[in-house]
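Examining the three-dimensional arrangement
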Amino acid sequence: MKRIFKVTFLALAATFALQSCGGKTEKTEDTTTTEELYPAEEAVANELTIDSNDAMQYSTNELRAKTGEITLTLHHTGKMEKTVMGHNLVILKMGTDINAFGAKAAEAKDNDYIPASEEGAIVAHTKLLGGGESDTVTFTISEPGTYDYICSFPGHLALMKGKLIVE
Ligand SMILES: [Cu+2]
């Protein structure tokens, strides 16, 4: 009995010591506020937008994001049909040979140039777009690094490629 009392007393004393310290309670509140703010900032930073056009170009060859959920929107700002000037954006896993992937993609016309055999090499991809169309995809990257992105429409890879840098 005596021992239990002692332990209880020590626990109470410790609690009292923490409370009388004063800063403890305030500090906890500060941390909560900071945690509520950060996800919002990251969500904004991870909303990527890129254009593509009738001249077979992306508007940028470099995109940057933080690890976590990423939302990417591809716009086709041109007027040409997707059968002649179709664009998509395919993000490939690190270590993928983009030219070998492009060759397989060129044979996958019936699947909008997304080769089923190479799906293991794809992080994410948009739909194939014609002029005036847009598509948004959401995906998660947890490993920092540099990821290649390409348009897999036949012949476009020569000009339409870039790097997604994830920090
Ligand atoms: Cu293209």
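All of these numbers come straight from a predicted model, not from anything done at the bench. (Residues numbered from 1 in each chain as written. Predicted model: local features only at pLDDT ≥ 70, side-chain atom pairs only at ≥ 80, totals over all residues. Heavy atoms only, no water.)

Among the secondary structure elements, His76 is positioned in strand β3 (residues 68-76). Among the polar contacts made by the side chain of His76, one reaches the main-chain amide nitrogen of Gly78 at a distance of 3.1 Å. Within polar-contact distance, the side chain of His76 engages the backbone oxygen of Met85 at 2.9 Å. In contact with His76, not counting residues within four places along its chain, are Ser52, Asn53, Asp54, Met85, His87, Leu129, Gly130, Gly131, Gly132 and Glu133. (Helix = DSSP H or I, 4+ residues; strand = E, 2+ residues; numbered from the N terminus. Polar contact = N/O pair within 3.5 Å; in protein donor to acceptor, adjacent residues only side chain to side chain. Contact = heavy atoms within 4.5 Å.)

Reading across from one edge, β1-β3-β6 is the order of the 3 strands in this open sheet, with mixed pairing throughout. The sheet terminates laterally at β1 (47-52) and β6 (134-141), the two strands that pair on one side only. The mean angle between the axes of side-by-side strands here comes to 20 degrees, regardless of whether they run parallel or antiparallel. Bridging between β3 and β6 involves 8 bridges; their strand directions are antiparallel. Its bridge partner lying in β6, Glu69 is registered against Thr140. (Pairing = 2+ DSSP bridges. Axes fitted to C-alpha atoms, helices over the stretch in contact; angles between N-to-C directions.)

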